[in-house]
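# Topology and contacts: notes
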Amino acid sequence: DTAVSQTPKYLVTQMGNDKSIKCEQNLGHDTMYWYKQDSKKFLKIMFSYNNKELIINETVPNRFSPKSPDKAHLNLHINSLELGDSAVYFCASSLEWGEQYFGPGTRLTVT
Amino acid sequence: GDSVTQMEGPVTLSEEAFLTINCTYTATGYPSLFWYVQYPGEGLQLLLKATKADDKGSNKGFEATYRKETTSFHLEKGSVQVSDSAVYFCALTHRAGNMLTFGGGTRLMVKP
């Protein structure tokens, strides 16, 4: 059984488009996250979200927005895509202060 | 703010060699410390962790000790295998949001 899953695995799109990446976890966790990994493998937190609060990394452009329909899902919406948004995006989940479990990643390529 | 610095790679070793990957951190208070591993084309897997000073995390022959006096959490393994080839990330969390701050990653290549 997949613990944290993401769709799609690969996403190729043009500049200016709006796209979403979906994340689902079946671990019963109450906190979910999005991370961005750039071409040099550097990983950076984007959001932390549970049913109490959303914490946003101040460096994330407001074109990025997390949306959570329920505790098991945290989707990432990106508006007006730019070339610099090309990266691998990882979803993760945890119990509120626990260790995080990562999804397999979504490779986004903006042309 | 918090930061994690780890040695740049790639680190290339022969099978059965001793591995050390250095990691130091800057943070206020008492963060929890982690090592994650990323195999080619895959997501991150937690390798080991330590939540307080002098704790030793260990898993699959890898070890790291939380040294508050030197703000370090160096990863070691006594005898590496080809299957250990991957990118290793040192990371920390603070309770606020439980968000991970990662180091830049160190690529390990083990040759037969």
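What you see is a predicted model; the values in this text were computed from it and never measured. (Residues numbered from 1 in each chain as written. Chains lettered and ligands numbered in written order. Predicted model: local features only at pLDDT ≥ 70, side-chain atom pairs only at ≥ 80, totals over all residues. Heavy atoms only, no water.)

Turning our eyes to something else, we now look at the pattern of salt bridges. When the charged atoms of two side chains lie near each other, side chains of opposite charge can form a pair. All names here are of chain A. What the rule picks out here adds up to 6 salt bridges over all chains. Residue Glu82 is joined to Arg63 by a salt bridge in which the shortest nitrogen-to-oxygen separation is 3.5 Å. Of this pair, Glu82 sits in the loop between strand 8 (73-78) and strand 9 (87-94) while Arg63 sits in the loop between strand 6 (54-56) and strand 7 (64-70), and the two are 19 residues apart along the sequence. The class of Glu82 is partly exposed, set by a relative accessible area of 41%. A salt bridge links Asp85 to Arg63; the nearest nitrogen and oxygen atoms lie 2.9 Å apart. Of the two residues, Asp85 sits in the loop between strand 8 and strand 9 while Arg63 sits in the loop between strand 6 and strand 7, which places them 22 residues apart along the sequence. Its relative accessible area of 3% is what places Asp85 among the buried residues. Exposure remark for Arg63: the relative accessible area of 15% places this residue in the buried category. The structure contains a network of salt bridges with shared partners spanning Arg63, Glu82 and Asp85. (Salt bridge = Lys/Arg side-chain N within 4 Å of Asp/Glu carboxyl O. Helix = DSSP H or I, 4+ residues; strand = E, 2+ residues; numbered from the N terminus. Buried < 20%, exposed > 50% of the residue type's maximum accessible area, 1.4 Å probe, protein only.)

To continue, consider the state of the cysteines. Following the criterion strictly, the structure yields 2 disulfides over all chains and no others. Disulfide partner of Cys23 of chain A: Cys91 of chain A, at an S-S distance of 1.8 Å. Looking along the S-S bond of the Cys23 of chain A-Cys91 of chain A disulfide, the torsion reads about -75°, which is the left-handed sense. Taken together, the residues span a long stretch of sequence, with Cys23 of chain A in strand 3 (residues 19-25) and Cys91 of chain A in strand 9 at a distance of 68 residues. For the pair formed by Cys23 of chain A and Cys91 of chain A, the shared burial category is buried. Here Cys23 of chain B pairs with Cys90 of chain B through a disulfide, and the sulfurs are 1.9 Å apart. Handedness of the Cys23 of chain B-Cys90 of chain B disulfide follows from its S-S torsion of about -70°: it is left-handed. With a gap of 67 residues between them, Cys23 of chain B in strand 4 (residues 23-26) and Cys90 of chain B in strand 10 (residues 86-93) connect regions that are remote in the sequence. (Disulfide = S-S within 2.5 Å.)

What follows covers the interface of chain A and chain B. Facing 23 residues of chain A, the contacting portion of chain B comprises 20 residues. Of the roughly 1,700 Å² buried between chain A and chain B, counting both surfaces, carbon and sulfur atoms make up 59%. Counting across the interface, chain A meets chain B through 1 salt bridge. Of the charged contacts in the structure, one is a salt bridge between Lys49 of chain B and Glu99 of chain A, with a shortest N-O distance of 3.1 Å. One can count 4 residue pairs in polar contact (both at pLDDT 80 or more) joining chain A with chain B. Elements that contribute at least two residues to the side of chain A that touches chain B include exactly strand 4 (31-37), strand 5 (43-50) and strand 9 of chain A. Looking at the side of chain A that touches chain B, the element that brings in the most residues is strand 5 of chain A, giving 4 residues. (Contact = heavy atoms within 4.5 Å. Buried area = accessible area lost by both parts, 1.4 Å probe. Polar contact = N/O pair within 3.5 Å; in protein donor to acceptor, adjacent residues only side chain to side chain.)

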